[in-house]
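Structural overview for review
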Amino acid sequence: MSRLVLLDLDNTLIDRDGAVADWVAEFCTTRQLPAEAALHVTSLLRERAVPETFESLQSSLGLAEPPAALWDAYVTGLTARVTCATETLTRLDLLRASGWAVGVLTNGAADIQRAKLASAGILDHVDAVCISEEAGARKPDPEVFRMAAALCGHELPGDAWMVGDDPVTDIAGASTAGLRTIWISAGNTWTNPGLTPDHVAQTAADAAGFLLGLPESAR
């Protein structure tokens with residue numbers, strides 16, 4: 001059986017926070033909303049953005065546009081802003097060429113997550129994608145890790161890793177499901193007592209370099 005690595009999407013393979021910040025700034029400017037509106041919109045979108053989020057957004061900001069139109073604008077705008085580093089994509093290919101099965105495991109609505117994956121050029125570099133809305137389970141539920149592994153032709157626990165930025169949904173969830181873990185720090189310090197990731201990497205490319213056995217100077 002091949003080795004398996006599952007990777008989170010948002011703030012792991014792509015910079016979701018940066019894309020959201022850019023979209024919120026344009027959203028508020030084009031609608032001539034006050035400065036405090038940007039903080040409100042960002043707060044609503046920070047943890048989880050689904051169509052229902054925009055019902056609350058429309059109501060709280062008194063917007064004339066229907067929630068469905070606001071959601072469509074968000075999907076289109078955010079999708080246009082996300083990218084995946086060329087180095088990361090190259091290393092995903094190297095992992096697969098080295099015998100690894102590579103999958104994406106992400107929470108979120110299927111339409112926007114698949115749109116982001118396509119726009120960032122990730123789909124051609126992985127073996128499978130597991131999205132919580134389609135799976136009917138969300139990280140950190142161990143079942144969704146098993147489902148993602150199965151899509152990659154892998155049975156947990158086995159030789160499997162999870163790469164992600166969220167200490168709870170990615171690291172704790174994967175550990176419970178029997179995977180080893182790599183936390184994407186993005187320069188931050190681990191502050192969760194009682195749980196330690198198996199490895200810490202600055203970026204997804206660095207995490208892939210670690211799994212490939214590249215020397216630290218080359219990561």
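Below, the structure is looked at part by part. Every value quoted in this text rests on a predicted model; they were computed, and no experiment measured them. (Residues numbered from 1 in each chain as written. Predicted model: local features only at pLDDT ≥ 70, side-chain atom pairs only at ≥ 80, totals over all residues. Heavy atoms only, no water.)

**Details of the overall build of the chain**
Of regular secondary structure, the chain possesses 10 helices and six strands. Here the chain has a C-alpha radius of gyration of 18 Å; the compact-globule value for 219 residues is 17 Å, and the two agree. Overall, the C-alpha framework of the chain stretches about 55 × 35 × 35 Å when taken along its three principal axes. For the chain, with 219 residues in total, the buried portion stands at 47%. Counted over contacts in the chain with a minimum sequence separation of 6, partners at least 24 positions apart contribute 61%. Looking at charge distribution, the chain has the averaged site of its 15 positive side-chain charges lying 3 Å from that of its 29 negative ones. (Helix = DSSP H or I, 4+ residues; strand = E, 2+ residues; numbered from the N terminus. Rg over C-alpha atoms; globule rule 2.2 N^0.38 Å. Buried < 20%, exposed > 50% of the residue type's maximum accessible area, 1.4 Å probe, protein only. Contact = heavy atoms within 4.5 Å. Lys, Arg positive; Asp, Glu negative; His and termini not counted. Charge placed at Lys NZ, Arg CZ, Asp CG, Glu CD.)

**Description of helix H8 (residues 142–151)**
Residues Val144, Phe145, Ala148 and Ala149 constitute the buried set of H8. The buried residues of H8 occupy an angular sector of 140° when the element is viewed end-on, so they sit on one face. Among the structural elements, strand S1 (3–7), strand S2 (100–106), strand S3 (128–131), helix H7 (132–135), strand S4 (160–164) and helix H9 (167–176) are those in contact with the buried residues of H8. Between the side-chain oxygen of the N-cap and the backbone nitrogen of glutamate 143 there are 2.9 Å, and the N-cap of H8 in question is aspartate 141. (Arc of directions from axis to C-beta. Polar contact = N/O pair within 3.5 Å; in protein donor to acceptor, adjacent residues only side chain to side chain.)

**Remarks on the sheet that holds S2**
On the basis of which strands lie adjacent, the open sheet formed by six strands has the order S3-S2-S1-S4-S5-S6 and parallel pairing. Each edge of the open sheet is held by one strand with a lone partner, namely S3 and strand S6 (199–201). The average angle at which neighbouring strand axes cross in this sheet is 20°, direction not considered. Pairing analysis gives three bridges linking strand S5 (residues 180–184) to S6, with the strands arranged parallel. Residue pairing for S6: isoleucine 184 is matched across the bridge by alanine 201. Lying on the sheet, H8 is in contact with S1, S2, S3 and S4; it crosses S3 at an angle near 155°. (Pairing = 2+ DSSP bridges. Axes fitted to C-alpha atoms, helices over the stretch in contact; angles between N-to-C directions.)

**Comments concerning the packing of aromatic side chains**
Scanning the model with the defined rule gives eight aromatic pairs in all. Arranged with centres 5.8 Å apart and planes meeting at 75°, the rings of tryptophan 161 and phenylalanine 210 form a pair that is edge-to-face. Pair noted here: tryptophan 161 is in strand S4 and phenylalanine 210 is in helix H10 (residues 204–212), with a separation of 49 residues, a long-range link. Here a set of aromatic residues connected by ring pairs shows up, and it is made of Trp23, Phe27, Phe54, Trp71 and Tyr74. (Phe/Tyr/Trp six-rings, centres within 6.5 Å; stacked < 30°, edge-to-face > 60°.)

**Digging into the pattern of salt bridges**
This structure, assessed with the given rule, holds 10 salt bridges. In this structure, lysine 139 and aspartate 8 form a salt bridge, with 2.9 Å as the shortest nitrogen-oxygen distance. With lysine 139 in the loop between H7 and H8 and aspartate 8 in the loop between S1 and helix H1 (16–30), the pair connects residues that are 131 residues apart, well separated along the chain. With respect to class, lysine 139 is no different from aspartate 8; both count as buried. Note that glutamate 87 and arginine 91 form a salt bridge whose closest N and O atoms lie 3.2 Å from each other. Taken together, the residues glutamate 87 and arginine 91, both in helix H5 (residues 86–97) and four residues apart, mark about one turn of the helix. Take glutamate 87: its relative accessible area is 42%, and that puts it in the partly exposed class. The class of arginine 91 is buried, set by a relative accessible area of 7%. Among the ionic contacts, a cluster of salt bridges with common partners joins Asp8, Lys139 and Asp170. (Salt bridge = Lys/Arg side-chain N within 4 Å of Asp/Glu carboxyl O.)

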